[in-house]
Amino acid sequence: TASTTTSPLAAAPATLCSRGDETRPMVAFTSDSVSDAGATARILDMLEAQGLVVSFGITGNWARSNPVLLRRIARAGHHVITHTDNHRSFTGASTSTPPLGPAERRAELVGGGAAIAAVTGRSTAPWFRPPYGDTDLSVQVDAGAAGFASEVMWTVDSLGWQGLDPAAVTARCLAGAGNGVIYLFHVGAASTDVDALGAIVRGLRARGYSIGSVPSVL
């Protein structure tokens, strides 16, 4: 008898996640780690003291430069999202550079995930965060084809990475609170987030919100 083969169906585009379940009083914290270690150890100390498990966006470069901190993140049970390998804008919108092609995007996603897995022993798929938040439908198509089906964006950017005063970061984050909100923080030395996180946690809890990772809030 003759045999037939069929080509596998193309992967679906990645799903963009910028807010979680709006029926529950829960929010997600995400902290991006791009270049320097910055305040990572202090942030991990605070999260441990508060009993919180959250999400971290990690680049391959950061994983290679900070394996001890990354292992600590993984041991604590935090959720790790690949933030690509070298933090190159996929669309070029924020860097005034040409958009990356499908092969370059795949290399960034797979390379970043591999660097993280080499340290933690865990895959980051299907979760990824595009550098600078630069995305469009073509990014979602290429990411889905590379095995990254969940594109993690955010609801509220703390703006701590811009050097905003910690009190202003706190006020901004509490003003933006709501069911399913995903917060964007940064661990780098230039960010003021570390000095605002304690007050943000206290303020959110006083309003009745629990705090977790992206998968938990979705």
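So, here is what we can say about the structure in this document.

### A closer look at the pattern of salt bridges
A full pass over the atoms with the stated rule returns nine salt bridges. A salt bridge links Glu104 to Arg88; the shortest N-O distance between them is 3.4 Å. Here the residue Glu104 occupies a position in helix 4 (residues 102–120), and Arg88 occupies one in the loop between strand 4 (79–82) and helix 4, the gap between them amounting to 16 residues. Several salt bridges share partner residues, and in doing so they unite Asp45, Glu48 and Arg72 into one network.

### Regarding the side chain of Thr192
Residue placement: Thr192 occurs in the loop between strand 8 (182–186) and helix 7 (197–206). Among the polar contacts made by the side chain of Thr192, one reaches the main-chain carbonyl oxygen of Leu164 at a distance of 2.5 Å. Discounting chain neighbours no more than four positions away, the residues touching Thr192 are Gly160, Gly163, Leu164, Pro166 and Val169.

### Some thoughts on the packing of helix 1 (residues 40–50) against helix 7
Helix 7 packs onto helix 1 with a crossing angle of 25° between their chain directions and a minimal axis gap of 11 Å. Considering their axes alone, helix 1 and helix 7 lie roughly parallel with respect to each other. Handedness of the crossing formed by helix 1 with helix 7: right-handed. Contacts from Ile43, Met46 and Gln50 in helix 1 reach Leu197, Val201 and Arg205 in helix 7.

### Observations concerning the nonpolar core
What tends to happen in soluble globular proteins is that the nonpolar side chains get buried as a cluster. By size, the foremost hydrophobic cluster in this structure holds 36 residues, and its most contacted members are Phe29, Phe56, Ile58, Tyr183 and Leu204. In this view, Tyr183 contacts Val27, Ala28, Phe29, Thr30, Val156, Cys173, Gly176, Ala177 and Leu204; residues no more than four positions away in its chain are not counted. Residues Phe90, Leu100, Phe128 and Phe148 belong to the second largest nonpolar core, which totals nine residues.

### Quick notes on the layout of surface pockets
The space that makes up the largest pocket amounts to roughly 380 Å³. Lining the largest pocket are 23 residues, and of these Asp32, Val34, His87, Trp161 and His186 lie nearest its centre. A breakdown of the residues in the lining of the largest pocket according to their chemical character gives 10 nonpolar, nine polar and four charged.

The rules behind the values
- Residues numbered from 1 in each chain as written.
- Predicted model: local features only at pLDDT ≥ 70, side-chain atom pairs only at ≥ 80, totals over all residues.
- Heavy atoms only, no water.
- Salt bridge = Lys/Arg side-chain N within 4 Å of Asp/Glu carboxyl O.
- Helix = DSSP H or I, 4+ residues; strand = E, 2+ residues; numbered from the N terminus.
- Polar contact = N/O pair within 3.5 Å; in protein donor to acceptor, adjacent residues only side chain to side chain.
- Contact = heavy atoms within 4.5 Å.
- Axes fitted to C-alpha atoms, helices over the stretch in contact; angles between N-to-C directions.
- Parallel < 35°, antiparallel > 145°, perpendicular 65-115°, else oblique.
- Left-handed = near helix turned anticlockwise from the far one by under 90°.
- Core = buried A, V, L, I, M, F, W, Y, C linked by side-chain atoms within 4.5 Å.
- Buried < 20%, exposed > 50% of the residue type's maximum accessible area, 1.4 Å probe, protein only.
- 1 Å grid on protein atoms, 1.4 Å probe; cavity = no way out; pocket = protein on both sides within 12 Å on 5 of 7 lines; lining within 4 Å.
- Points joined across faces, edges and corners; volume = space filled by probe spheres on them.
- Nonpolar A, V, L, I, M, F, W, Y, C, P; charged D, E, K, R; others polar.

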